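# Understanding the architecture of this molecule
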Amino acid sequence: MTGDKGQALHDRYGQVLLKLLIGLAFALVIVQLLLHYEPSRPYLSPVHQMEGVPVHEPNVNDWMGENTPSLLHRSS
């Protein structure tokens, strides 16, 4: 009897995971289609919101790693 209950539980989890996978694939397609629709882009992607924002030189150096000490070069 425990084998039957275990198999039923396994089948139920399999059905739930399949539905979840199909739902995620459907959501991916919908979001991709909405990204092609110009008015919806600012709501879905922060990259579109930052388009045209000027980048300041000191900030670029920070994320480029020029202001951080390197572990490869040791000063003696």
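Data block above holds the structure.
Quick summary incoming for the structure in this document. All figures in this text were calculated on a predicted structure; none of them were measured in a lab.

What counts and what doesn't
- Residues numbered from 1 in each chain as written.
- Predicted model: local features only at pLDDT ≥ 70, side-chain atom pairs only at ≥ 80, totals over all residues.
- Heavy atoms only, no water.
- Helix = DSSP H or I, 4+ residues; strand = E, 2+ residues; numbered from the N terminus.
- Buried < 20%, exposed > 50% of the residue type's maximum accessible area, 1.4 Å probe, protein only.
- Areas by Shrake-Rupley, 256 points an atom, 1.4 Å probe, with all protein chains shown as cover.
- Patch = residues over 30% accessible without salt bridge, like charges linked within 9 Å, V, L, I, M, F, W, Y side chains within 5 Å.
- Salt bridge = Lys/Arg side-chain N within 4 Å of Asp/Glu carboxyl O.

## A closer look at the overall build of the protein chain
In terms of regular secondary structure, the protein chain is built from 4 helices and 0 strands. Secondary structure elements in the protein chain, listed N-terminal to C-terminal, are α-α-α-α. Taken across its 76 residues, the protein chain has 4% of its residues classed as buried. A total of about 7400 Å² of accessible surface is found on the protein chain, and carbon and sulfur atoms cover 66% of it.

## Here we look at the environment of V31
Mapped onto the secondary structure, V31 falls in helix α1 (residues 2-36). Here the alpha-carbon distance between V31 and R41, two residues 10 residues apart in the chain, equals 9.7 Å.

## Comments concerning a nonpolar patch on the surface
There is a patch of nonpolar side chains on the surface, built from F26, V29, I30, V31, L33, L34, Y37, Y43 and L44 and spanning about 920 Å² of accessible area. Listing elements by their share of the nonpolar patch, those giving two or more residues are α1 and α2 (41-44). Broken down by element, the nonpolar patch gets its largest block of residues, 6 residues, from α1. In this fold, I30 is placed in helix α1.

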